[in-house]
Structures are given as C-alpha cells and as structure tokens.
Amino acid sequence: MSGPIRVIVLPPSPIGGRRVRVDGVILGLAHNMVDIAEFLRRAGLEIDPAEVAESPWIDWRGAGPERWGPESSS
C-alpha cells in the first residue's frame, strides 16, 4: 500500500457507537477503543487499544476518543 493509511473515526451515532473507515472502506461500528483496535487488526494494522486515542494516523471526526454515544438528555 503506498502513501499514508487514512483511518477515520466518524462522529458518534445518534444510537451510540462510531463508524470506523480505513482508506474509504467502513470496517464497522465501534463502541470503544478495543473495537477500533480489533477492526484495524482485521485490516492488517496492529495497534494496542491503549494507543488508539493518541495515534497520529487516526482522525477523530466530530468528537474526540472520549465520546462514543449520544449525549444524555437530562
């Protein structure tokens, strides 16, 4: 594969979770860092779940790695 790998974690879904894309292909709906690490492992990219939030090649869209679901309405 030439060029940098583009991993994009899309904004939180209204029902919870975040879609994960690698080079334009959606890998799945993640609910935590472990899910993202597993999707990337299946795509041939090894990363420790503890390193997902700080990885420079993961682009977090709409919210950072601390948000996984809709805001609770109080």
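So, a few notes on the structure that sits alongside this text.

## Regarding the nonpolar core
Residues Ile36, Leu40, Val52, Ile58 and Trp60 are the most contacted members of the largest nonpolar core, which totals 16 residues. Put simply, the parts of the chain that give this core at least two residues each are strand S1 (7-9), strand S2 (18-22), helix H1 (33-42) and strand S4 (58-60). Residue contributions to this core peak at five residues, all from H1. Setting aside its immediate chain neighbours within four residues, Ile58 contacts Val7, Val9, Leu40, Ile47 and Val52.

## Concerning the pairing of S2
Covered by surrounding structure in S2 are Arg18, Val20 and Val22 only, the residues Arg19 and Arg21 on the alternate face being uncovered. Two strands pair when backbone bridges link them, and S1 and S2 are joined in this way by three bridges, in the antiparallel orientation. Of the residues in S2, the one forming a bridge with Ile8 is Arg21. Here S2 pairs with strand S3 (residues 25-30) via five bridges, running antiparallel. By the bridge assignment, Arg18 is partnered in S3 with Ala30.

About the cut-offs
- Residues numbered from 1 in each chain as written.
- Predicted model: local features only at pLDDT ≥ 70, side-chain atom pairs only at ≥ 80, totals over all residues.
- Heavy atoms only, no water.
- Core = buried A, V, L, I, M, F, W, Y, C linked by side-chain atoms within 4.5 Å.
- Buried < 20%, exposed > 50% of the residue type's maximum accessible area, 1.4 Å probe, protein only.
- Helix = DSSP H or I, 4+ residues; strand = E, 2+ residues; numbered from the N terminus.
- Contact = heavy atoms within 4.5 Å.
- Pairing = 2+ DSSP bridges.

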